[in-house]
Amino acid sequence: CRDWKWLPRDGESYRDNEEGSSDATEGHDDEDEIYEGEYQGIPSSAGDKKQGQVALGKPMSDATKDRGELEQERQADEEELAQQYELIIQECGHGRFQWQLFLVLGLALMSDGVEVFVVGFVLPSAETDMCVPNSSSGWLGSVVYLGMMVGAFFWGGMSDKVGRRQCLLICMSTNGFFAFLSSFVQGYGFFLVCRLVAGFGIGGAVPIVFSFFAEVLSREKRGEHLSWLCMFWMIGEIYASAMAWAIIPHYGWSFSMGSAYQFHSWRVFVVVCALPCVCAVVALTFMPESPRFYLEVGKHDEAWMILKQIHDTNMRARGQPEKVFTVNRIKTPRQLDEFVEMESESGNPVSKAFFRIKAEVRGIQLSTCPSDCRYYGLSVWFPDVIKHLQADEYASKVKIHNNERIEGITFNFTLENQIHKNILFINDHFVNMKLKSVTFIDSTFRNCYFDDVTSVGSFFRNCTFIDTFFFNTDIDESKLIDGTEVINSTFTHNKTGCQMTFDDDYSAYWVYFINFLGTLAVLPGNIVSALLMDKIGRLSMLGGSMILSGISCFFLWFGTSESMMIFMLCLYNGLSISAWNSLDVVTTESFPTVRRGTGFGFCNALCKLAAVLGNLIFGSLVGITKAIPILMASSVLVGGGLVGLRLPDTRANVLM
């Protein structure tokens, strides 16, 4: 294990700054001379004499120690390093470097928030544009969350082996590339694959971002500034909602290359939503690796250089460029690879891998693994409930026409939200018109003419077409259902693809505006949690926020109108965000550096699994009953809040 040297600031404890304050910056005394091997962690003979020796002047060989003793030594090294590192971070100060990293990592976290909401916003338009049948609808939302679930665990684990910065660069680049590519593909299957890989990429953002930022914060700053970082997730939601509101309903923002390639407004929205990810990748290339990670993997020199960079950057920003970095050596713990070699004399790769996996699983089990799974189920369910209420209201206004005979009429206007049952159409012309949510049942069309007709959500059930001509319409087999017969009729120049339009359709604006309001409601809770996180403690905020969220969720039982549900959505979001932030902070502080990414990734993967289950369970209950989702969610929230109060308090802990 390597020694370290940290010189305190008090004048009597070290040489004056005017004469050169540190061995690490302006030379060293002959008495404290460090040769290259010693600086790399190999003790010199002189060092051995100073520190004392065991019998015969030689230290005990690792070969004579069992694995338990080596692990105890590593644990002792970890505890000592944690205390030393905390002092070093305090020496570096909190300033320009942390704020630069805050903005860069904030862009990455913003990209995660955007990715979650992009799925919900483009789902209706993408499935309509790509002619997705009802049996396949909904796969997009589940596939993206599955990708994020796998990505969270994979990239979180990789960040403990490869590094925070390196893994974050790769996973963000993966997300940006495939998100951008998905906006151009035409087939639904290829689109699903692109969004799956994009979700896999962005899945690593949350565990790596919080692990990375926590490792450059001192203990007294950690809770507050991790909470401020959470605000970027909310900014991502606001960005996605605002862009959807501004772009998707504008059907005119599109172009086509013949009938085979269509680029509608929702694709423009997908491109715009990839921009935060691109910005995060570019900005991240200018930031260094986490020095705490370098120390954990034994890269002492690299860690020292970055810590000096942090110190010098902050001191220059304070107007104290003459202040020197007073650290010259830092202890680093024994590496896990050394234990693996001890475990297997032959160095068998299989035994190495088995031992490594066993060590990782044991480490995760020994640490607390809180998660914010509860949030996702309701987040998925709220929009579905509002959509269902809108659909009920729309259906209540349907116009029904029965047993009529219509002859010699030209329809050149839009028919919307109507049911025509047992109607006889004779010599009628349907020209340059739109059918929106119109259903024809048991009706007959004789000698009729359809020219440039677009139908959205419209069907012909058990109808009969006799001597009818169709030109440039989208009426095909998918619209002619339930035994509809076509007799001596002609279809020419049929429109290809699925037709979608937002003309005179304000429901799209309303859905995006509701999400925008729900996101803004998070802002007060975010500010409160950031200001009070280090004052009242993580656990008090966690338990109180979850219990209040559960109570607000229970009152959804009495929500019978759309306005009431929107109010409850805003209230729930405002109350639950403090629990969300507290869980992020507690999760970051609960795991040691060697497993922080893996543990956080595992917890975040559980959250994404909850989102998938929320899609399946809560979604299937929309329109059937509110009781089960409400009672399930409120009881889990209250119970989780009570359990959260019993978690270990991490406020006073240094990062292990």
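Residues numbered from 1 in each chain as written. Predicted model: local features only at pLDDT ≥ 70, side-chain atom pairs only at ≥ 80, totals over all residues. Heavy atoms only, no water.

In the annotation of an unreviewed UniProt entry, the entry for the protein chain reads Synaptic vesicle glycoprotein 2Ca, and the organism field reads Oreochromis niloticus. Taken from UniProt, the Sequence similarities (unreviewed entry) comment for the protein chain reads in full: "Belongs to the major facilitator superfamily." As stated in UniProt under Subcellular location (unreviewed entry), the record for the protein chain gives "Cytoplasmic vesicle, Secretory vesicle, Synaptic vesicle membrane". (UniProt positions renumbered as here; feature names shortened; annotations may be inferred.)

Visitor: Is there a simple way to think about the overall build of the protein chain in this case?
Guide: From N to C terminus, the protein chain includes 23 helices and 18 strands. Among the 656 residues that make up the protein chain, the fraction classed as buried is 52%. Counted over contacts in the protein chain with a minimum sequence separation of 6, partners at least 24 positions apart contribute 66%. Element-wise, carbon and sulfur atoms account for 60% of the exposed surface of the protein chain, whose accessible area totals about 28,900 Å². (Helix = DSSP H or I, 4+ residues; strand = E, 2+ residues; numbered from the N terminus. Buried < 20%, exposed > 50% of the residue type's maximum accessible area, 1.4 Å probe, protein only. Contact = heavy atoms within 4.5 Å. Areas by Shrake-Rupley, 256 points an atom, 1.4 Å probe, with all protein chains shown as cover.)

Visitor: Teacher, can you tell me more about the sheet that holds strand 6 (residues 405-407) here?
Guide: Paired through backbone hydrogen bonds, the strands of a sheet run either parallel or antiparallel to each other. Strand order in this open sheet of 5 strands is 6-9-11-14-17, and the pairing throughout is parallel. The outermost strands of the open sheet, each flanked by one partner alone, are strand 6 and strand 17 (485-487). When the angles between neighbouring strand axes are averaged without regard to direction, this sheet yields 10 degrees. As defined by bridge partners, strand 6 adjoins strand 9 (residues 424-426) across 3 bridges and the pair is classed as parallel. The residue of strand 9 that forms the bridge with Ile406 is Phe425. (Pairing = 2+ DSSP bridges. Axes fitted to C-alpha atoms, helices over the stretch in contact; angles between N-to-C directions.)

Visitor: What's the story with the confidence of the model for the protein chain in this structure? I'm lost.
Guide: Fine structural detail should not be taken from predicted coordinates in areas where pLDDT scores are low. In this model, the protein chain carries an average pLDDT of 76, and 71% of its residues clear a pLDDT of 70 or more. This model gives residues 1-61 a pLDDT under 50, and the stretch forms 92 contacts once residues within four places in sequence are excluded. Predicted confidence is poor over residues 364-371, with pLDDT under 50, and the contacts of this stretch with residues over four places away or in other chains come to 23 contacts. (pLDDT = per-residue confidence, 0-100.)

Visitor: Where do I start with the nonpolar core in this structure?
Guide: One broad trend across soluble globular proteins is that nonpolar side chains are buried collectively. Leu105, Leu168, Met172, Phe213, Leu229, Phe269 and Leu307 are the most contacted members of the largest nonpolar core, which totals 87 residues. Residue contributions to this core peak at 15 residues, all from helix 5 (residues 96-129). Among all residues touching Leu105, those that are not within four sequence positions of it are Leu168, Val209, Phe212, Phe213, Leu229 and Leu284. One finds Ile423, Phe425, Phe460 and Cys463 within the second-largest nonpolar core, a separate group that totals 20 residues. (Core = buried A, V, L, I, M, F, W, Y, C linked by side-chain atoms within 4.5 Å.)

Visitor: Just to check I follow, could you spell out the pairing of strand 10 (residues 429-441) for this structure?
Guide: Consecutive side chains of a regular strand alternate in pointing toward one face of the sheet and then the other. The pairing of strand 7 (residues 410-411) with strand 10 spans 2 bridges and is classified as parallel. Pairing of Thr410 across the sheet is with His429, part of strand 10. Relative to strand 10, strand 8 (residues 415-421) runs parallel, the two sharing 6 bridges. Of the residues in strand 10, the one forming a bridge with Ile419 is Thr439. Pairing between strand 10 and strand 12 (residues 449-456): 7 bridges, direction parallel. Directly across from Lys436, in strand 12, lies its bridge partner Val456. Looking at chain direction, strand 10 and strand 13 (residues 459-461) are connected through 3 bridges and run parallel. Within strand 13, the position partnered with Phe440 by the bridge is Phe460.

Visitor: Sorry if this is basic, but what is going on with the pattern of salt bridges here?
Guide: For side chains of opposite charge, pairing can occur when their charged atoms come near one another. Under the criterion given, the structure shown has 12 salt bridges. Among the salt bridges present, the one from Glu215 reaches Arg164, with a minimum N-O distance of 2.7 Å. Separated by 51 residues along the polypeptide, Glu215 in the loop between helix 9 (205-214) and helix 10 (219-247) and Arg164 in helix 7 (residues 164-182) bring together distant segments of the chain. With a relative accessible area of 0%, Glu215 lands in the buried category. With a relative accessible area of 0%, Arg164 lands in the buried category. The partner of Arg596 in a salt bridge is Glu215, with the nearest N and O atoms 2.7 Å apart. (Salt bridge = Lys/Arg side-chain N within 4 Å of Asp/Glu carboxyl O.)

Visitor: Help me understand the environment of Gly113 in this model?
Guide: Here Gly113 shows up in helix 5. In sequence terms Gly113 and Phe232 are 119 residues apart; their C-alpha atoms lie 8.0 Å from each other. Ignoring any residue separated from it by four or fewer positions in sequence, one finds Gly113 in contact with Trp233 and Gly236.

Visitor: Would you take a moment to explain the packing of aromatic side chains for this structure?
Guide: Each aromatic ring pair is described using two quantities: the centre-to-centre distance and the angle formed by the ring planes. If you walk through the whole model with that rule in mind, you get 34 aromatic pairs. Each ring, one from Trp304 and one from Phe325, has its centre 5.9 Å from the other, and the planes form 50 degrees; the classification is tilted. Of this pair, Trp304 sits in helix 14 (residues 300-317) while Phe325 sits in the loop between helix 14 and strand 4 (327-329), and the two are 21 residues apart along the sequence. Across this residue pair, the class does not change: Trp304 and Phe325 are buried. Aromatic pair Phe411 and Phe425: ring centres 6.4 Å apart, planes at 70 degrees, arrangement edge-to-face. Residue Phe411 is found in strand 7, and its partner Phe425 is found in strand 9; the two are separated by 14 residues along the sequence. Looking at Phe411, the relative accessible area reads 10%, which means it is buried. Members of the aromatic cluster, joined through ring pairs, are Phe411, Phe413, Phe425, Phe430, Phe440, Phe445, Phe450, Phe460, Phe465, Phe470 and Phe491. When the ring centre of Tyr85 is taken as reference, the NZ or CZ atom of Arg292 above it lies at 5.5 Å. Directly above the ring of Phe459 sits Arg461, whose terminal nitrogen or CZ lies 5.9 Å from the centroid. (Phe/Tyr/Trp six-rings, centres within 6.5 Å; stacked < 30°, edge-to-face > 60°. Lys NZ or Arg CZ within 6 Å of the ring centre and 35° of its normal.)

Visitor: Explanation requested: the side chain of Ser545 in the structure shown.
Guide: Within the secondary structure layout, Ser545 lies in helix 20 (residues 538-554). Here Ser545 is in contact with Leu575, Ser576, Ser578 and Ala579, once residues within four sequence places are set aside.

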